Amino acid sequence: MNKIFLLILIPLFLLSSEVQFTKWQSGESFLNFLDRHALPQKIYYNLDKSDQTITEEIYAGVNIQILRDSNQTITQVLIPISEELQLHIYKDKNKYKLKSTPIIYDKKDEAFTVTIENSPYYDIVKATGSKKLAHQFVNAFKNSLNFRRDLRKGDRLVMVYEQKYRFGRTFSMPVLKVAMIEMRKKKHYIYLNGDNRYYDEKGIEAEGFMLNRPVKNARVSSGFTLRRYHPILKKYRAHLGVDYAARPGTPIMAAGSGRVIFAGYTRGYGKLTKIQHSDGYMTLYAHQRAFRRGIRRGKHVKKGQTIGYVGSTGLSTGPHLHFGLYKNGHARNPARVIRITTNKLKGKKLKAFKLLKEEYNKTVELHLRAASKAPVQEVFDTVYYLNIKIPHSQKEDANESI
Ligand SMILES: [Zn+2]
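Model, not experiment: these values are computed from the prediction.

> Quick question: what am I supposed to make of the pairing of strand E14 (residues 242-245) here?
As a general feature of sheets, a regular strand has side chains that alternate between the two faces. Inspection of the sheet shows strand E11 (residues 219-222) paired to E14 by three bridges, in the antiparallel sense. The residue of E14 that forms the bridge with Arg219 is Ala245. Where E14 meets strand E21 (residues 320-327), four bridges bridge the pair, whose relative direction is antiparallel. Note that in E21 the partner of Ala245 across the bridge is His320.

Here it is, written out as structure tokens:
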């Protein structure tokens, strides 16, 4: 249905509209935005609780598009809220409406082989043009190998990953599937398993950025999704965090050590704390009944330290903790980095992993033999929806790598 809609609208835009590409301003709320553009506040107040809350997820610097007709009246606005979903404000018979619309993309599995000349990071960037790929590869082995000590010129690496495409260009973070690097004739691997976590060749979880559960013994009542179709409401929505159902007053613990960058109230998330961690990671704790005494902006907290108490403040449907994880401003699935007690695969899970590993190894061998070249990437993170006026392709920004 959405595809048809897209096809009908594009020619209309081309005839009479003017598109403005702009960025979401730092500290701007959705209501401020409507005000500033003389759009009715009803657009916001007509939304349900969940959609009102999601407007708080629009992050500073994200590229938005405003379309105007020949009278300079705004006819449409497109605001991405995740890599897969955007808010679409449009005029329908003189009334403004808002709808969540999927960001349509294709996925491709890609791979490349690189022979080491300088360092894995430098050589991958040179071969692919992508800092994101280089960052992912190096990160995968960060805690298990010492490239500087053990790597020699002429050693080879293979990376197999999934890449999202829009209008034939890449966008978003590639997903690493297998990374292999030879060092002193020995091959070292990291694999993405069916459980969405990374393991080495023995089935031991690769330690990366790891978080503790923010609430003890709590049930996950709603998982993370960049985009999900709600069959009853007949609309798309995103849930950029994990909900833990818990009794009011249950202590909330910092999932990792870091610095409090926000402790205050927002309309959607109620009493809200944000903690900045290392490597560009940030965690968010929403709907709290109360902050722990002394938790304020600038305060350093340790992993496991109580920072507040479960509640139902803001636009919440019942007592729970909404827990979010962000890397450089982009929402990530916290479930992928929350420490689980067993980080070594056993029994049936190990068996399934071994089968997967065999397949992956065959793929790696094929690419090694073929010395596969990477498609040189043209970065395309700016236009999310309409293929009208494509701005010049932008050089990748290290800060954008997510
Ligand atoms: Zn939630």
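Okay, back to it.
> When you look at the sheet that holds strand E6 (residues 106-115) in this model, what are you seeing that I'm missing?
Hydrogen bonds between backbone atoms are what pair the strands of a sheet, whose relative direction is either parallel or antiparallel. The antiparallel open sheet is built from five strands, whose spatial order is E6-E7-E8-E9-E10. Pairing within the sheet leaves two strands with one partner each, and these edge strands are E6 and strand E10 (198-199). Pairing of E6 with strand E7 (residues 156-166), which is carried by ten bridges, proceeds in the antiparallel orientation. Its bridge partner lying in E7, Thr113 is registered against Val158. Packing of helix H6 (residues 131-140) onto the sheet brings it into contact with E7, strand E8 (169-183), strand E9 (186-192) and E10, and relative to E8 it is tilted by some 40°. Lying over the sheet, helix H8 (residues 347-370) contacts E6, E7, E8, E9 and E10, oriented at roughly 100° with respect to E7.

> How should I be thinking about the sheet that holds strand E2 (residues 63-68) in this particular structure?
Spatially, E1-E2-E3-E4-E5 is the arrangement adopted by the five strands of the open sheet, whose pairing is antiparallel. Either end of the sheet is taken by a strand with one partner, and the two such strands are strand E1 (18-23) and strand E5 (95-102). Strand-to-strand twist across the sheet, computed as the mean angle between neighbouring axes with direction ignored, equals 20°. Across four bridges, E2 lies against strand E3 (residues 74-80) in antiparallel orientation. Pairing of Gln65 across the sheet is with Leu78, part of E3.

> Looking at this model, I keep getting lost on the environment of Glu365. Mind explaining?
Locating Glu365 in the fold gives a position in helix H8. Residue Glu365 is classed as partly exposed on the basis of its C-beta count, with 13 C-beta atoms lying within 10 Å. Note: C-alpha distance between Glu365 and Met180 (185 residues apart in sequence) is 9.9 Å.

Calculation criteria
- Residues numbered from 1 in each chain as written.
- Predicted model: local features only at pLDDT ≥ 70, side-chain atom pairs only at ≥ 80, totals over all residues.
- Pairing = 2+ DSSP bridges.
- Helix = DSSP H or I, 4+ residues; strand = E, 2+ residues; numbered from the N terminus.
- Contact = placed C-beta atoms within 7 Å.
- Axes fitted to C-alpha atoms, helices over the stretch in contact; angles between N-to-C directions.
- Buried ≥ 20, exposed ≤ 12 C-beta atoms within 10 Å, placed from the backbone.

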